[in-house]
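Chain and residue survey
So you can see what is in the structure, the chains are spelled out below.
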Amino acid sequence: MALPWTLHGDGKTVEAQAVVGPSERLSWPLTIGIGSQHVVAMFGATFLVPLLTDFPPSTTLLFSGVGTLLFLLITGNKLPSYLGSSFAFIAPITAATASAGMGSALFGIMAVGVLLALVGVIVQLTGTGWIDRLMPPIVSGAIVALIGFNLAPVAKANFDKAPLTALITLIAVILCTVLFRGILGRLSIFLGVLVGYVAAVFFGEVDFSRVADAAWIGLPPFTAPANPLENPAAVLGVLPAFLPVVLVLIAENVGHIKGVAQMTDAKVNQLTGRALLADGLATMLAGFGGGSGTTTYGENIGVMAATRIYSTAAYWVAGIVAILLGLSPKIGAIIFTIPDGVLGGVTTALYGLIGVIGVKIWLDNKVDFSKPVNQFTAATALIIGIADFTLNAGALSFNGIALGTVAAIVIYHLMTWLGRIRKTA
């Protein structure tokens, strides 16, 4: 069977202003090298999610690779993307695991995947116009921001366990960002973790006992989601915390596709429905087997922008490498040795950056904060999310992320509607 890529030029060189498109590739040695670079780009963020949620890193890596290959197949090999662990899942997974166990968190992940896949089918049939109307920039920005800022207490808790190590890690992340250019600058989180890890080893904070016993090759641990029929109150009670994640994944996927389209071909926008469907199915698959939910990765867009190489062949390589890493329990055990202090340092910056991404959505779209509707939408949603307001209704518990998301959507549309009726908007 013929491979779907055509060779770009001689396959060995790329002209200064040339772009290697999704349907093209370079020579296989170069393609493998570029694909490996994508693995490095995604690795720092992808392995942090299971660490922060006590999920098995090797299982998450495996499903991340499988999800990427599934994404490429469903999008017809036309949309370059890597599906890594989504940080939007951290807060609901942490809450669900603490209250009802890992199985309930996996059920929540699966539920998000089902809804995202359904949205993908609808978008494929109707287009993306309704998404833009439901979640204009003021709403989508508020939702993304409150998810990041809601995690602030988690970062502080880890920071307090080893303040010196955390401070070294945080400083390393900041310095790597400003001192290095190109791909190294984009890997500042990963490099900061390495520096913090070395410091933690020096301070005697790293426990290597699990590493020696782990096999080099083997299947990662798989965990099935909880059955809602056996304990409906506990399992279904965590769902409100997960549902807002669907809106974040929609925003992330749509933004990713628009970015790729801007850099390659506007026709890529026609794949939005397929991309949402693919990410939904990948998230369902991960939740079914014990991995974290997935999303398209901005880190890898950065690699493509820096190299001007958008070949999907490189992502096949990246997906396969991730699967191979997931089949090494030894690597998973090494990742799990990263101590709390290192996590506290890196998440102090990382969770804040998630919040700032929401602010950036406002800035990029020139949201007018002189309008009361925008002021109240953002202000109310952020306070609810940051303070983690909670509403209990029987077996269901709505946390700050869920309530803040609902508040952003309802306040914006209610004030806009009333303003039009009263002619005050």
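Look up a bit, the structure's there.
Residues numbered from 1 in each chain as written. Predicted model: local features only at pLDDT ≥ 70, side-chain atom pairs only at ≥ 80, totals over all residues. Heavy atoms only, no water.

Topic: the packing of aromatic side chains
Note the following rule: Pairing of aromatic rings covers Phe, Tyr and Trp, the last counted by its six-membered ring, and requires centre-to-centre distances within 6.5 Å; plane angles under 30 degrees mean stacked, over 60 mean edge-to-face, and any other angle means tilted. Helix and strand definitions follow DSSP, with helices as H or I runs of at least four residues and strands as E runs of at least two, each counted in order from the N terminus. Whether a residue is buried, partly exposed or exposed follows from its accessible area with a 1.4 Å probe, protein chains only, as a fraction of its type maximum: under 20%, in between, or over 50%, in that order.
Under the criterion given, the structure shown has 4 aromatic pairs. Measuring from centroid to centroid gives 6.1 Å for Phe63 and Phe222, while their planes differ by 75°, and the two rings are edge-to-face. Remark: Phe222 occurs in the loop between helix H11 (209-213) and helix H12 (232-237) and Phe63 occurs in helix H2 (residues 57-74); sequence separation between them is 159 residues. We classify Phe63 as buried; its relative accessible area is 11%. Classification of Phe222 as partly exposed rests on a relative accessible area of 46%. When the ring of Phe202 is compared with that of Phe203, the centres are 5.6 Å apart and the planes differ by 65°; the resulting orientation is edge-to-face.

Here's the deal with helix H10 (residues 188-202)
Going by this rule: Helix span is expected to be 1.5 Å times the residue number reduced by one.
Over its 15 residues, H10 extends 21 Å from the first C-alpha to the last, a length consistent with the 21 Å expected when each residue adds 1.5 Å. All buried positions along H10 are accounted for by Ser188, Ile189, Leu191, Gly192, Val193, Gly196, Tyr197, Ala199 and Ala200. Positioned one or two residues after H10, Gly204 has a phi angle of 75°, which is positive.

Structural notes on helix H18 (residues 340-364)
So the rule is basically this: The seven residues ending at a residue and the seven starting there each receive a fitted axis; the angle between those axes is the bend at that residue.
With 25 residues, H18 should cover 36 Å at 1.5 Å per step; its first-to-last C-alpha distance of 35 Å lies within 8% of that length. Its maximal kink placed at Thr347, H18 deviates by approximately 35°. Positive phi shows up at Lys366, right after H18, with a value of about 50°.

Description of the environment of Val173
The cut-off we apply is this: The contact criterion used throughout is that any non-hydrogen atoms of two residues lie within 4.5 Å.
Tracing the chain through its elements places Val173 in helix H8 (residues 163-179). Relative accessible area serves as the criterion here: at 5%, Val173 is assigned to the buried category. Aside from chain neighbours lying at most four places away, what touches Val173 is Ser188, Ile189, Gly192 and Val346.

So, the pattern of salt bridges
Our working rule: Each salt bridge in this description consists of a side-chain nitrogen of Lys or Arg and a carboxyl oxygen of Asp or Glu lying within 4 Å of one another.
Scanning the model with the defined rule gives 3 salt bridges in all. Linking Lys156 and Asp160 is a salt bridge whose minimum nitrogen-to-oxygen distance equals 2.9 Å. You can see Lys156 and its partner Asp160 sitting in helix H7 (residues 152-161), 4 residues apart, about one turn around the helix. Residue class for Asp160 comes out partly exposed when judged on its relative accessible area of 44%. A salt bridge links Asp340 to Lys161; its shortest N-O distance comes to 3.5 Å. A residue pair is termed long-range when its members are at least 10 positions apart, and Asp340 in helix H18 and Lys161 in helix H7 qualify at 179 residues.

Structural notes on the environment of Ala226
Relative to the helices and strands, Ala226 resides in the loop between H11 and H12. Remark: the alpha-carbon pair of Ala226 and Ala105, spanning 121 residues in sequence, is separated by 8.2 Å. Here Ala226 is in contact with Gly103, Ser104, Phe107 and Val235, once residues within four sequence places are set aside.

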